[in-house]
2 protein chains.
Amino acid sequence: MIDESFASLRAASGIAALCLAFGVLGAASAVARPVTVNDLLAGSTAQDWRKPDPENTLYLQLPGGRVVIELAPGVAPLHVANIKTLARAHYFDGLAIVRVQDNYVVQWADPDHHRPVPAGVSLVAAEFEAEKNAYARFEPVRDRDVYAPEVGFLDGFPAARDPRTHAAWLAHCYGMVGVGRDDPPESDGTEMYAVIGHAPRQIDRNVALVGRVLKGIELLSTLPRGSGEMGFYVPPEPPVPIISMKVAADLPEAERTPLEVLRTESPVFRAVLDQRRNRRESWFKFNPGHIELCNIPLPVRAIPANH
Amino acid sequence: MIDESFASLRAASGIAALCLAFGVLGAASAVARPVTVNDLLAGSTAQDWRKPDPENTLYLQLPGGRVVIELAPGVAPLHVANIKTLARAHYFDGLAIVRVQDNYVVQWADPDHHRPVPAGVSLVAAEFEAEKNAYARFEPVRDRDVYAPEVGFLDGFPAARDPRTHAAWLAHCYGMVGVGRDDPPESDGTEMYAVIGHAPRQIDRNVALVGRVLKGIELLSTLPRGSGEMGFYVPPEPPVPIISMKVAADLPEAERTPLEVLRTESPVFRAVLDQRRNRRESWFKFNPGHIELCNIPLPVRAIPANH
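Rules and cut-offs
Residues numbered from 1 in each chain as written. Chains lettered and ligands numbered in written order. Predicted model: local features only at pLDDT ≥ 70, side-chain atom pairs only at ≥ 80, totals over all residues. Heavy atoms only, no water. Phe/Tyr/Trp six-rings, centres within 6.5 Å; stacked < 30°, edge-to-face > 60°. Helix = DSSP H or I, 4+ residues; strand = E, 2+ residues; numbered from the N terminus. Buried < 20%, exposed > 50% of the residue type's maximum accessible area, 1.4 Å probe, protein only. Pairing = 2+ DSSP bridges. Salt bridge = Lys/Arg side-chain N within 4 Å of Asp/Glu carboxyl O. Contact = heavy atoms within 4.5 Å. Disulfide = S-S within 2.5 Å. Axes fitted to C-alpha atoms, helices over the stretch in contact; angles between N-to-C directions. Expected span 1.5 Å × (residues − 1). pLDDT = per-residue confidence, 0-100.

Enquirer: Tell me about the packing of aromatic side chains, and name the residues and values.
Expert: Residue and element names in this part refer to chain A. Applying the stated criterion across every chain, the model contains six aromatic pairs over all chains. Both rings, one in F153 and one in F269, keep their centres 5.2 Å apart while their planes meet at 90°; by these two values the pair is edge-to-face. Placement of the pair is F153 in strand β7 (residues 150-154) and F269 in helix α6 (residues 267-277), with a sequence separation of 116 residues. Relative accessible area serves as the criterion here: at 0%, F269 is assigned to the buried category. Both rings, one in W283 and one in F284, keep their centres 5.1 Å apart while their planes meet at 80°; by these two values the pair is edge-to-face. The two residues W283 and F284 agree in class, both being buried.

Enquirer: So what's going on with the pairing of strand β15 (residues 259-262) of chain A? Residues and values would help.
Expert: All names here are of chain A. The side-chain alternation of β15 yields two buried faces, one formed by L259 and V261 and the other by E260 and L262. Where strand β1 (residues 49-50) meets β15, two bridges bridge the pair, whose relative direction is antiparallel. Looking at the pairing, W49 lines up with L262 of β15.

Enquirer: Before we move on, could you go through the pattern of salt bridges and cite the residues and values that matter?
Expert: On inspection of all chains with the given rule, the structure shows 38 salt bridges over all chains. The closest approach of N and O atoms between A:R161 and A:E150, which form a salt bridge, is 2.6 Å. Of this pair, A:R161 sits in strand β8 (residues 157-162) while A:E150 is found in strand β7, placing the two residues 11 residues apart along the sequence. On the basis of relative accessibility, which here comes to 13%, the residue A:R161 falls in the buried class. Across the pair B:R270 and B:E139 runs a salt bridge whose closest N-O atoms are separated by 4.0 Å. A residue pair is termed long-range when its members are at least 10 positions apart, and B:R270 in helix α6 (residues 267-277) and B:E139 in strand β6 (residues 139-140) qualify at 131 residues.

Enquirer: Describe the pairing of strand β9 (residues 167-170) of chain B, with residues and values.
Expert: All names here are of chain B. Here β9 shows two buried faces, one formed by A167 and W169 and the other by A168 and L170. Strand direction decides the pairing type here: strand β8 (residues 157-162) and β9, joined by four bridges, are antiparallel. Its bridge partner being in β9, R161 is matched across the sheet by A168. The loop that links β8 with its antiparallel partner β9 comprises four residues; one of these, H166, has a positive phi angle of about 55°.

Enquirer: Could you give me a rundown of α6(A), with the residues and numbers involved?
Expert: At 3.6 residues per turn, the α-helix brings residues three or four places apart onto the same side. Regarding α6(A), the residues found buried are A:V268, A:F269, A:V272, A:L273, A:Q275, A:R276 and A:R277. Elements that come into contact with the buried residues of α6(A) comprise α2 (37-42), β7 and β15 of chain A.

Enquirer: With reference to specific residues and values, describe the sheet that holds strand β6 (residues 139-140) of chain A.
Expert: Strands pair in a sheet through their backbones, by hydrogen bonds, and they do so in one of two ways: parallel or antiparallel. Residues and elements named next belong to chain A. Ordered in space as β6-β7-β8-β9, the four strands form an open sheet in which the pairing is antiparallel. Every other strand in the sheet has two partners, leaving β6 and β9 (167-170) as the edge strands with one partner each. In this structure, β6 lies alongside β7, joined through two bridges in antiparallel fashion. Of the residues in β7, the one forming a bridge with P140 is G152.

Enquirer: Which residues make up the state of the cysteines, and what values go with them?
Expert: Residue and element names in this part refer to chain A. By the definition in use, this model includes two disulfides over all chains. The side chain of C173 participates in a disulfide bridge whose partner is C294; the two sulfur atoms lie 2.0 Å from each other. Residues C173 and C294 are joined through a disulfide that is left-handed, its torsion about the S-S bond being -75°. Taken as a pair, C173 in the loop between β9 and β10 (176-179) and C294 in the loop between α6 and β16 (300-302) lie far apart in primary sequence, 121 residues in all. On the accessibility criterion, C173 (4% relative accessible area) is buried.

Enquirer: Requested: an account of the sheet that holds strand β11 (residues 192-195) of chain A, with residues and values cited.
Expert: Residue and element names in this part refer to chain A. A sheet is described by the order of its strands in space; here nine strands give the open sequence β13-β4-β5-β11-β10-β12-β3-β2-β14, paired in antiparallel fashion. The strands lining the two open edges of the sheet, one partner per strand, are β13 (240-241) and β14 (244-247). Pairing analysis gives four bridges linking strand β4 (residues 96-100) to strand β5 (residues 105-109), with the strands arranged antiparallel. Note on β5: the bridge partner recorded for R99 is Q107. Against the sheet, helix α3 (residues 77-88) makes contact with β2 (57-62), β3 (65-71), β10, β11, β12 (209-215) and β14, and its axis sits at roughly 120° relative to β14, the strand it touches most.

Enquirer: Give me α3(A): which residues, what numbers.
Expert: All names here are of chain A. Between its first and last C-alpha atoms α3 spans 16 Å; for 12 residues at 1.5 Å apiece the expected length is 16 Å, and the two agree. Within the sequence span of α3, burial applies to H79, V80, N82, I83, K84, L86 and A87. Buried-residue contacts for α3 involve β2, β3, β10, β11, β12 and β14. H90 lies just past α3 and shows a positive phi near 60°.

Enquirer: Just give me the short version of the confidence of the model for chain A, but keep the residues and values in it.
Expert: Residue and element names in this part refer to chain A. Counting all residues, the mean pLDDT for chain A is 90, and 89% of those residues have values of 70 or more. Low pLDDT, under 50, characterises residues 1-8; the predicted model gives this stretch 43 contacts beyond four residues in sequence or across chains. Per-residue pLDDT stays below 50 along residues 11-29; that stretch engages in 35 contacts with residues further than four places along the chain or on separate chains. Taken together, the chains of this predicted complex give a pTM of 0.92 and an interface ipTM of 0.91.

Enquirer: Can you lay out unusual backbone geometry for me, pointing to particular residues and giving the numbers?
Expert: Residues and elements named next belong to chain A. A cis geometry characterises the amide bond from P235 onward to P236, with omega recorded as 5°. Along the chain, P236 turns up in the loop between α5 (217-221) and β13. With a phi close to 55°, D155 is a non-glycine residue in the positive phi region. Inspection of the secondary structure puts D155 in the loop between β7 and β8. For D155, a relative accessible area of 29% translates into the label partly exposed.

If you want it as structure tokens, here you go:
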């Protein structure tokens, strides 16, 4: 889901050059080629990356493969606890993706509303905003935003905050995962969704966001759109089955997907941000000078073999 | 691609109620239910809608069905002329979708670079901004933007402008269609793309946008992602064949797709904008108060039988 090499909108010509990595952060090439995000990442060190906690990582197993979701227990602890209890009770195994709305969300739940909710899971208070200590952990970027006074990152996730109220909250960028609810503000985690379109930031602070897809978003974004209202599948459209949804820590290490996420507090990430604000590649004729929160790449990679 | 009824992020409960249209603009219901976008559209008149000109409408025929694209000759006349010449010379028929990059673009072109470009088509000057008269036609909205001093609509397309330079340009929202190019600013229209992810506004004014998908975007957004760099298909991945790309006017009327687009200058559209800025539905616990350009719905509908 990261497009750090998308400078060209023409054909494959020049791709090899674009993807050549310098291996040294900020090094100048013989032809003074501008530094790309790939260059910056190639110059990163092991310390610039963090390994998501398997205890707070979900594997959503679909017929097409595994979707890896990093949870945000520091932002939505009640919902994350519910979701882990549900996963460990095999609540989602055999349920289905019930809704795929183009340019909006994929949603998974119990299509028949028949499955009993396991003990220990009940409606919990709304977690539209993080607990108050989160405000201080927030890492602001200087770019403007349409929906919030300040945007940046919270525990590695795209987020926003309001200096007037000292509230901080996660932002509905592409790939973010949340929990559906009915009209009351409470929810229990038995319905989950992932954003597969333009960031619907208008629902920020209206639902509990609980994490982000680190790998496999294309398994969700390419699903057939539902023909019902709001993209719900309606007969004879078959819901997409969920083989299982598990907590990564419950799998033997050999069966886990080894991933690292670039630390948002690392100097390399700040360099990536600057590179994306100010496009120095020759393809760019107009330099945007800004970056919108949901256009900031949050690099994820397979853990290199020597780490 | 319009999601005017997406208030609920839970299951299908309440959908019937959500989709009941009043039939009268702004009428109050017995239960004082807030007005929805569907209500507003149900209260519109024939004069609130416009029929895209068949001479400036493209039909991109894929194995899965027809993608309808409205062109913007008032913004990118040179590229639109090239594209229509290409379509009429059957240039795209039998070519392919060569690139599908998740959360970014679908691109179509000649995968082998073998097909001769027809007479009358050559590289034309960059049309990153519209001609100067476009500035006065621009309809601003009052909402903030990250990338431009002002945003709004130009000839019915999402757009931006700069009061300092009197420049206006189309914006890379979901579903917008543009022409790829190499490093030089000129392009000829033989490579086209559509946005299928979060709006890549950083490439505004870096490529010529030529139109917007009115119908069938899901035929593009659900295509398998390419595994090559930047989402290019690489063997053994088969490129998706283009059956044909035609100008709608060249088809008998009975074979056209009859669509209408809500006029951005209509009072109904302004009411839609206000409804989307200020969410009064009971599901919304936090009112965003703003709307970002690319989250503004641009309603398209089949032409009602009695029009």
